[in-house]
Amino acid sequence: MGQKGFYFNMLECKGCKACQIACKDKNDLKVGELYRKVMNFEGGIYPNVGGFYLSTSCNHCAEAKCVAGCPTGAMHYAEDGTVQHNKDLCIGCKYCMWNCPYSVPQYLEDKNIIGKCDTCKDLRDAGENPACVDACPMRCLKFGDIDELKKEYGTDLVNEISVLPSAEATKPSLLIKANVYALDFNYKVKEV
Amino acid sequence: MEHLALTIFSICVQAAIGIMIFVAIGRLLNKEKIFKNATIAATVLGIVGAVASLMHLGKPFSAIKALYQFGSSWLSREIWFTAIFILLAILMVVLIYAKPQNKSAISGLAAAAAVVGLIDVFFMAAIYSSSSVPFWQSIATLVEFYAATLSMGAILFLLLSIKEIAEMATMKKIIALAVALAVILQVAAVVPSLIALGASSSAAAHSSLAILGNMAVANAFKWIFILAGALLLLWMVKDELSKLVTNIVLSSTILLLVGQIVGRYLFYAAMVVTGVGLS
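Residues numbered from 1 in each chain as written. Chains lettered and ligands numbered in written order. Predicted model: local features only at pLDDT ≥ 70, side-chain atom pairs only at ≥ 80, totals over all residues. Heavy atoms only, no water.

**What about the overall build of chain B?**
In terms of regular secondary structure, chain B is built from 9 helices and 0 strands. Counting from the amino terminus, chain B carries its helices and strands in the arrangement α-α-α-α-α-α-α-α-α. The C-alpha radius of gyration computed for chain B amounts to 19 Å, which stays within 12% of the reference 19 Å derived for 279 residues, consistent with globular compactness. Expressed as a percentage of the 279 residues in chain B, the buried residues total 52%. Contacts in chain B between residues at least 24 apart in sequence constitute 78% of all its contacts with a sequence separation of at least 6. Per element, the accessible surface of chain B, about 11900 Å² overall, is 74% carbon and sulfur. For chain B, the distance from the average site of its 16 positive side-chain charges to the average site of its 9 negative ones is 5 Å. (Helix = DSSP H or I, 4+ residues; strand = E, 2+ residues; numbered from the N terminus. Rg over C-alpha atoms; globule rule 2.2 N^0.38 Å. Buried < 20%, exposed > 50% of the residue type's maximum accessible area, 1.4 Å probe, protein only. Contact = heavy atoms within 4.5 Å. Areas by Shrake-Rupley, 256 points an atom, 1.4 Å probe, with all protein chains shown as cover. Lys, Arg positive; Asp, Glu negative; His and termini not counted. Charge placed at Lys NZ, Arg CZ, Asp CG, Glu CD.)

Laid out in structure tokens, this is it:
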């Protein structure tokens, strides 16, 4: 079974946050907890301004630091290469929160354990898409075999843009069709 | 509360390990000396530290599960070695009371606990330096942890065994040298690491520096207290005929301990993890 991951088409994303809300609803997350987040970055000086939206979640890294660091084995790889979290093993030590370079794992105050995107494993097992994928009105998000997604959506896909940590550290299973501003590492952007 | 639990844990366990190192050295130099107070203090500090570490967990009663991943997790390794260290220390205390005549066994346990403790400090530092927190990712983390272990251990050992080592000139020299070396290394490691942090392009690194900047008074207290404690000790044992004055040893101990505790709190408080937009 090949490595599974998300594809995100930045060129089409309008920042509507439907994916973020669908994820929050599906996982019944409380105020302040998000497993998927849509961020808006802008930069430049008028009239040369630019920016982009980024829908970001767990990148299900092939060399995940959260998995390597977890003292209990709660963070683990599933057969499809996605990073899954066993709630019964988690002791809420928060070490994964220090380890993940994308700051993905969230501490769930009401449960005293960590939570994160599980790619809606239950929906996928039932033959459906993750909630975020089906919620996107622009069809910017896809989930599937990384190699097949690459074949389908082109060769100009990247797993690292200017606002993301280096992909070298954890090998994120993420494919982004990025715009010129996101690809320019010298172009300074700020989250707005 | 979270920073406090980890500060208490790391300070207590490192102080306990430091004391045990000097108990082992002391017993090596003079087998007749028991160093009972120091051994008991190391054991109690280790236990207090272990209990404090549980306060950091969301599910403290499931803490045993943290032993499952020794092969891959620095945190799991640290917990194993901390547990072994405390067990060895408890065994020592039991032997000191039950079979004090078995001196070689007690010395052997002290040496074993000291070695386990030294490895444990390495694991503790690796937890932080391997994380995604730029502020922690330097050699300064390792140096600061060993420096805190040695300086706190040496001074607490001196305070707790002041009568037993009054005539041990070599031991006094070793203690003074250990404190001096530890503090010099600590200063030497921290300065370049802060410069590197400032030169870093990481927004998370700059955020940590901004936090440290906001807590500059606490940072100044850390260094003033550590340096004052070390200098006071060195001044007292400046020559072989120097006598150990309890009040000066106590003052030096308090200064050094307060400095290391404040420093450790800052270590946790200035933590900023990289993230999207903070790379």
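**Concerning the nonpolar core**
Within the largest apolar cluster, 83 residues are counted, with the highest numbers of intra-cluster contacts made by Val23(B), Trp136(B), Phe157(B), Ile165(B) and Ile175(B). One finds Cys100(A), Tyr107(A), Cys132(A) and Cys140(A) within the second-largest nonpolar core, a separate group that totals 48 residues. (Core = buried A, V, L, I, M, F, W, Y, C linked by side-chain atoms within 4.5 Å.)

**Section: the interface of chain A and chain B**
Often the size quoted for an interface is simply the accessible area lost on bringing the parts together. Taken together, the contacts link 34 residues of chain A with 34 residues of chain B. When the two sides are added together, the surface that chain A and chain B hide from each other amounts to roughly 2400 Å², 57% of it contributed by carbon and sulfur. For the chain A face of the interface with chain B, the top three residues by lost area are Pro71(A), Ile91(A) and Trp98(A), together amounting to 32%. Joining chain A to chain B, the criterion identifies 0 salt bridges. One can count 17 residue pairs in polar contact (both at pLDDT 80 or more) joining chain A with chain B. Considering each element in turn, the side of chain A that touches chain B owes the most residues, 4 residues, to helix H3 (residues 95-99) of chain A. Looking at the side of chain A that touches chain B residue by residue, the classes come out as 21 nonpolar, 9 polar and 4 charged. (Buried area = accessible area lost by both parts, 1.4 Å probe. Salt bridge = Lys/Arg side-chain N within 4 Å of Asp/Glu carboxyl O. Polar contact = N/O pair within 3.5 Å; in protein donor to acceptor, adjacent residues only side chain to side chain. Nonpolar A, V, L, I, M, F, W, Y, C, P; charged D, E, K, R; others polar.)

**Regarding the sheet that holds strand E9 (residues 174-177) of chain A**
All names here are of chain A. Taking strand neighbours across the sheet as the criterion, the 3 strands line up as E8-E1-E9 in an open arrangement whose pairing is mixed. Two strands close off the open sheet at either side, each with one partner strand: strand E8 (141-145) and E9. Between one strand axis and the next, the sheet turns by 20 degrees as a mean value, whatever way the strands run. Relative to E8, strand E1 (residues 4-9) is paired through 5 bridges, and the arrangement is antiparallel. Along E8, the bridge assignment pairs Gly5 with Gly144. Across the sheet, helix H6 (residues 146-153) touches E1, E8 and E9, and the angle it forms with E8 is around 125 degrees. (Pairing = 2+ DSSP bridges. Axes fitted to C-alpha atoms, helices over the stretch in contact; angles between N-to-C directions.)

**So, the pairing of E1(A)**
All names here are of chain A. Within E1, 6 of the 6 residues are buried, which leaves the element mostly enclosed by the surrounding structure. With 4 bridges connecting them, E1 and E9 associate as parallel partners. If you follow Phe8 over to E9, its bridge partner there is Ile176.

**Structural notes on the packing of aromatic side chains**
According to the stated counting rule, one finds 24 aromatic pairs over all chains in the structure shown. Ring geometry for Trp98(A) and Tyr128(B): centres 5.4 Å apart, planes at 35 degrees, overall tilted. Of this pair, Trp98(A) sits in helix H3 while Tyr128(B) sits in helix H4 (residues 103-129), placing the two residues on different chains. With respect to burial, Trp98(A) and Tyr128(B) carry one shared label: buried. Each ring, one from Trp98(A) and one from Trp136(B), has its centre 4.9 Å from the other, and the planes form 75 degrees; the classification is edge-to-face. Separated into two different chains, Trp98(A) in helix H3 and Trp136(B) in the loop between H4 and helix H5 (139-160) make up a pair that spans both. Classification of Trp98(A) as buried rests on a relative accessible area of 6%. Chaining the aromatic ring pairs together yields one cluster made of Tyr95(A), Trp98(A), Tyr128(B), Phe135(B), Trp136(B), Phe145(B), Phe267(B) and Tyr268(B). (Phe/Tyr/Trp six-rings, centres within 6.5 Å; stacked < 30°, edge-to-face > 60°.)

**A few points about empty space enclosed by the protein**
Residues and elements named next belong to chain A. Counted under the stated rule, the structure contains 7 cavities of 30 Å³ or more. Taken as a whole, the largest cavity holds about 100 Å³ of empty space. Residue lining of the largest cavity: 15 residues in total, with Cys58, Cys61, Ala64, Cys66 and Cys100 positioned closest to the centre. (1 Å grid on protein atoms, 1.4 Å probe; cavity = no way out; pocket = protein on both sides within 12 Å on 5 of 7 lines; lining within 4 Å. Points joined across faces, edges and corners; volume = space filled by probe spheres on them.)

**Overview of the pairing of strand E3 (residues 48-56) of chain A**
Residues and elements named next belong to chain A. With 9 bridges connecting them, strand E2 (residues 37-45) and E3 associate as antiparallel partners. Following the sheet pairing, Gly44 is matched in E3 by Val49. Linkage of E2 to E3, two consecutive antiparallel strands, is achieved through a turn of 2 residues.

**Digging into the environment of Trp98(A)**
Along the backbone, Trp98(A) and Cys66(A) are 32 residues apart, and their C-alpha atoms lie at a distance of 8.4 Å. In this structure, Trp98(A) is in contact with Leu6(B), Ile127(B), Tyr128(B), Ser131(B), Ser132(B), Val133(B), Trp136(B), Met271(B) and Val273(B), ignoring residues within four places of it in sequence.

The quantities given are spatial measurements derived from coordinates; they are silent on function.
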